[in-house]
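One letter stands for each residue in the lines below.
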Amino acid sequence: MNTNSEDEIFSILKPVETCLAEDDKARLWARVRKDSLRMRAFRRAAVIAVSAAAAIVAGVAIYFTGTWRSVEPQYIQYISEAMPEAGGDIRIETSDKVIEVSSDATVSYHDGYFSVSDSVETKIHDIKKGGDVHQMIVPFGKTACLNLSDGTKMQLNSGTRVIYKAEMNGRSREIYLNGEAFLDVFHDETSPFSVKTDRLDVSVLGTKFNVKAYPSDKQQSIVLVSGKVSVTGNLLEHAYQMKPEQRFCYDGSNCNASLETVDVEDYTCWTEGILRFNGANIKDVLMQLSRYYNARFSCDSTIKDISITGKLDLRNGIDAALESISLVSGIKYRNRHSLYEISK
């Protein structure tokens, strides 16, 4: 394969490397956990002076006030800077320990404890304080199921991390997301549920929807299956009210926002190990395979204009997926030392 042209390697297809040094990432998460322990003391105060904290998100300073808001910038900073991990185990990080989770396990939170259940056993872990903030990290090549204490169910795609309170009680429910997740939110009119990314804030009462917010992607999107969703953001001109079968998309490269009617199955079938494409550029297709299988691709420049339409079954492995793509597009592929070379 000729590799002299700069256009012949799509570096975006390689698993994203962590942009923070390990020591810096550890210090930042330690600060996040420390501040989460202070939140209960903040809430007990009768009168709280309004404070402002600035977080740099996509080059824009955003200011927050109040108790939970006073620590929010650190969650936003951590979510935006702690990039997806290439390989390793799924894990839960609490204020005092790290718990490894098998790929077939379901993590479920309850009052005072959470369980990790797989095909062999169920392990119980105590929650020291209801206000503790936990983090679930799903590396490339893995997916996970997470059930929050309020009854909300989440499916987390490869290369995703989510920050959440161990016990979802109180007047509001909030999580911080980096990556992709499908959520079935438990309906509670007295306690709105919010999903926050580094660019968007999605507010619901009870609904099913998909959020895609990978830090390496220019676009972040929400696809609504049922219920109602309100989308806001610091760079949005107004709030967007979504209806079922609509997709909201925000393009960080030009700050454009759009709302369109879609077939929601195209955007949610990944939860069943399926991908559907309708004229997608092969670079975008391989990007999704890169995340799902934790694989690396080197691409000849001759394939960059190829588009893919159809359904791709991911459950039979990466070679079967590439063979299906080869049949409809005419590409050739070979695996050399864990690097897939793609050519016409």
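What this report covers is the structure whose coordinates are included nearby. Source: prediction; values computed, not measured. (Residues numbered from 1 in each chain as written. Predicted model: local features only at pLDDT ≥ 70, side-chain atom pairs only at ≥ 80, totals over all residues. Heavy atoms only, no water.)

### Focus on the overall build of the protein chain
The helix and strand tally for the protein chain stands at five helices and 25 strands. Residues counted as buried form 49% of the 344 residues belonging to the protein chain. Expressed as a percentage of contacts within the protein chain between residues at least 6 apart in sequence, the contacts between residues at least 24 apart total 54%. Split by element, the accessible area of the protein chain, about 16300 Å² in all, is 46% carbon and sulfur. (Helix = DSSP H or I, 4+ residues; strand = E, 2+ residues; numbered from the N terminus. Buried < 20%, exposed > 50% of the residue type's maximum accessible area, 1.4 Å probe, protein only. Contact = heavy atoms within 4.5 Å. Areas by Shrake-Rupley, 256 points an atom, 1.4 Å probe, with all protein chains shown as cover.)

### Side note on the packing of aromatic side chains
Applying the stated rule across the entire model yields five aromatic pairs. The interplanar angle of 20° and the centroid separation of 4.8 Å between the aromatic rings of Tyr109 and Phe114 together place this pair among those described as stacked. Each member of the pair, Tyr109 as well as Phe114, is classed as buried. Taken together, a centroid distance of 5.3 Å and an interplanar angle of 85° make the contact between Tyr109 and Tyr164 edge-to-face. (Phe/Tyr/Trp six-rings, centres within 6.5 Å; stacked < 30°, edge-to-face > 60°.)

### Concerning the sheet that holds strand S24 (residues 332-336)
The strand order across the open sheet built from three strands is S22-S25-S24, with neighbouring strands paired in mixed fashion. Both edges of this open sheet fall to strand S22 (296-299) and S24, since each of them pairs with a single strand only. For this sheet, the mean inter-axis angle between neighbouring strands, taken without regard to orientation, is 25°. The pairing of S24 with strand S25 (residues 339-343) spans five bridges and is classified as antiparallel. Across the sheet, residue Arg334 finds its bridge partner in S25, namely Glu341. (Pairing = 2+ DSSP bridges. Axes fitted to C-alpha atoms, helices over the stretch in contact; angles between N-to-C directions.)

### Things to note about the environment of Gly310
Looking at where Gly310 falls in the secondary structure, it is placed in strand S23 (residues 307-313). Considered as a pair, Gly310 and Ala280 are 30 residues apart in the sequence and their alpha carbons are 9.5 Å apart.

### A short note on the nonpolar core
One finds Met136, Tyr164, Ile175, Leu183 and Phe209 to be the most contacted residues of the largest nonpolar core, which totals 42 residues. Among the elements that line this core, the one with the most residues is strand S12 (residues 173-184), at four residues. Residues contacting Phe209, with those up to four places away along its chain left out, are Ala181, Phe182, Leu183, Val185, Val195, Val202, Val204, Ile222, Val223, Leu224, Val225 and Val229. Counting residues in each nonpolar core, the second largest holds 25 residues, with Val285, Cys299, Ile308 and Ile342 among its members. (Core = buried A, V, L, I, M, F, W, Y, C linked by side-chain atoms within 4.5 Å.)

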